[in-house]
Amino acid sequence: MRRYADYSLEELRQAYIDIDKTTYPDNYQTIVEELARRESMTEQQPSLDVKPDDIAPQADEEDMNIVDDSHKQHDVSASDSEVVALNPWVKRVTSVLTIGGSFLGITQILTGLPNISGVINSVLFAFFILIYVLGIVAAVRLLENSTVSVVKDNLIFWVIQIPMFMSPFIGYQFTNGAFLNIFVSSDTGLNVVPMLGSLVQFSFFQYHQPWALGINPAAILVSAYFYYVLKTSRQGT
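Since the model is a prediction, treat every value here as computed from it, not as a measurement.

### Considering the side chain of Thr175
Argument step 1. Structurally, Thr175 is set in strand S2 (residues 170-185).
Argument step 2. The contacts of Thr175, once residues within four sequence positions are left out, are Tyr132, Gln161, Asn181, Gly197, Ser198, Leu199 and Asn216.

Right, dumping it as structure tokens:
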């Protein structure tokens, strides 16, 4: 088993966020002490003293702008790798639902391949398989390390599950894991459909389709939580 002394600073911060200090008080104390030691080492590192005479006289304003731009680029990349605090249960539940639902969705599409006809339908089903795979990757990464970039990927995956619309001209619905569809149909009126699993629907110029418009509140809640976490992390930097 790895010692906390062998962890990187990012891994230590993530361990500090995830650990249950009531259940594992000794491990919690070890993490706190190791973080304090690392931070004190960082503060004690000697800074580079640059004398005014050492600056080349030909360094003009354009050169200074290049330095500033590179520093800004570094800050942007650093923010994407910053670890954010997520509720452990939200992280586990959403990841399990995403992974399980995506595998189920891929299985359903592959099972129905013999019934798929037309190049457009084949391309669209291949596209949704890719979306499921990206969802699995994002969920696995979230379980391992909740950085800003990882949370963004999971936010996108849940946002695309929010809308549902059908019409004789075009229709779309993509839901995964757990969903609660609330929609109004021109045929059946108001409908509330809770479900576990995965569902992909799309249509083009199917004139028998009724008009329908709805949302997935489950996806709205998860998306809102991820957005709140990202917004809070930006305000704290």
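So, next bit.
### Considering unusual backbone geometry
Argument step 1. With a phi close to 50°, Phe205 is a non-glycine residue in the positive phi region.
Argument step 2. On the secondary structure map, Phe205 appears in the loop between strand S3 (189-204) and strand S4 (212-215).

### Here's the deal with the packing of aromatic side chains
Argument step 1. Enumeration according to the criterion identifies 11 aromatic pairs in this entry.
Argument step 2. Relative to Phe202, the ring of Phe125 has its centre 5.1 Å away and its plane inclined at 65°; by these criteria the two rings are edge-to-face. Of the two residues, Phe125 is situated in helix H5 (residues 119-144) and Phe202 in strand S3; the sequence distance between them amounts to 77 residues.
Argument step 3. Taking relative accessible area as the criterion, Phe202 reaches 17% and is therefore assigned buried.
Argument step 4. A ring pair is formed by Phe127 and Phe128, whose centres lie 5.6 Å apart and whose planes are at 70°; its orientation type is edge-to-face.
Argument step 5. Three or more aromatic residues joined by ring pairs make a cluster, and in this case those are Phe125, Phe127, Phe128, Tyr132, Phe157, Phe174 and Phe202.

### What to know about the UniProt feature "transmembrane region" (unreviewed entry) in the protein chain
Argument step 1. As recorded in UniProt, the feature "transmembrane region" (unreviewed entry) lies at residues 119-143, 155-174 and 211-230.
Argument step 2. Across residues 119-143, the secondary structure splits into 100% helix and 0% strand, with the terminal C-alpha atoms separated by 37 Å.
Argument step 3. With 25% helix and 45% strand, residues 155-174 has end C-alpha atoms that lie 15 Å from one another.

### What to know about the packing of H5 against helix H6 (residues 148-159)
Helix packing geometry: the angle between the two helix axes and the distance between the axes.
Argument step 1. Put simply, H5 and H6 touch, their axes get as near as 9 Å, and they point 140° apart. Classified by the angle their axes make, H5 and H6 are oblique. Crossing angle aside, the handedness with which H5 passes H6 is left-handed. Where H5 approaches H6, its residues Ile131, Gly135, Ala138, Ala139, Arg141 and Leu142 are matched on the opposing element by Ser149, Val150, Val151, Asp153, Asn154 and Phe157.
Argument step 2. Of the residues that constitute the contact of H5 with H6, the class distribution is 7 nonpolar, 3 polar and 2 charged.

### Examining the environment of Val32
Argument step 1. By the secondary structure assignment, Val32 is in helix H2 (residues 25-44).
Argument step 2. Val32 gets classed as partly exposed once you look at its relative accessible area, which sits at 29%.
Argument step 3. On a C-alpha basis, the gap between Val32 and Tyr16 in space is 7.4 Å, while along the polypeptide they are 16 residues apart.

### Considering the pattern of salt bridges
Two side chains of opposite charge can pair, provided their charged atoms sit close to one another.
Argument step 1. Summed over all chains, the structure comprises 1 salt bridge.
Argument step 2. One salt bridge connects Asp153 with Arg141, and the closest N-O pair in it is separated by 3.0 Å. Placement of the pair is Asp153 in helix H6 and Arg141 in helix H5, with a sequence separation of 12 residues.
Argument step 3. With relative accessibility at 34%, the residue Arg141 sits in the partly exposed group.

### Digging into the nonpolar core
Argument step 1. Counting 25 residues, the largest nonpolar core has Phe128, Val151, Phe174 and Phe226 as its most contacted members.
Argument step 2. Elements supplying a minimum of two residues to this core: helix H4 (88-111), H5, H6, S2, S3 and helix H7 (217-236).
Argument step 3. If sequence neighbours within four positions are ignored, Phe226 has contacts with Leu86, Thr94, Leu142, Val151, Asn154, Leu155 and Trp158.

### Brief notes about the packing of H4 against H5
Argument step 1. The N-to-C vectors of H4 and H5 enclose an angle of 155°; their axes lie 9 Å apart at closest approach. By the angle class used here, H4 and H5 are roughly antiparallel. Between H4 and H5 the crossing geometry is left-handed.
Argument step 2. By residue class, the composition of the contact of H4 with H5 is 15 nonpolar, 7 polar and 2 charged.

### Some thoughts on H4
Argument step 1. Helix length check: H4 (24 residues) gives 34 Å between terminal C-alpha atoms against 34 Å at 1.5 Å per residue, within 8%.
Argument step 2. Buried within H4 are the following residues: Lys91, Thr94, Ser95, Thr98, Ile99, Gly101, Ser102, Gly105, Ile106 and Ile109.
Argument step 3. Two to three positions downstream of the cap, the backbone nitrogen of Trp89 sits 2.9 Å from a side-chain oxygen, assigning the N-cap of H4 to Asn87.

Thresholds, definitions, all that
Residues numbered from 1 in each chain as written. Predicted model: local features only at pLDDT ≥ 70, side-chain atom pairs only at ≥ 80, totals over all residues. Heavy atoms only, no water. Helix = DSSP H or I, 4+ residues; strand = E, 2+ residues; numbered from the N terminus. Contact = heavy atoms within 4.5 Å. Phe/Tyr/Trp six-rings, centres within 6.5 Å; stacked < 30°, edge-to-face > 60°. Buried < 20%, exposed > 50% of the residue type's maximum accessible area, 1.4 Å probe, protein only. UniProt positions renumbered as here; feature names shortened; annotations may be inferred. Axes fitted to C-alpha atoms, helices over the stretch in contact; angles between N-to-C directions. Parallel < 35°, antiparallel > 145°, perpendicular 65-115°, else oblique. Left-handed = near helix turned anticlockwise from the far one by under 90°. Nonpolar A, V, L, I, M, F, W, Y, C, P; charged D, E, K, R; others polar. Salt bridge = Lys/Arg side-chain N within 4 Å of Asp/Glu carboxyl O. Core = buried A, V, L, I, M, F, W, Y, C linked by side-chain atoms within 4.5 Å. Expected span 1.5 Å × (residues − 1). Polar contact = N/O pair within 3.5 Å; in protein donor to acceptor, adjacent residues only side chain to side chain.

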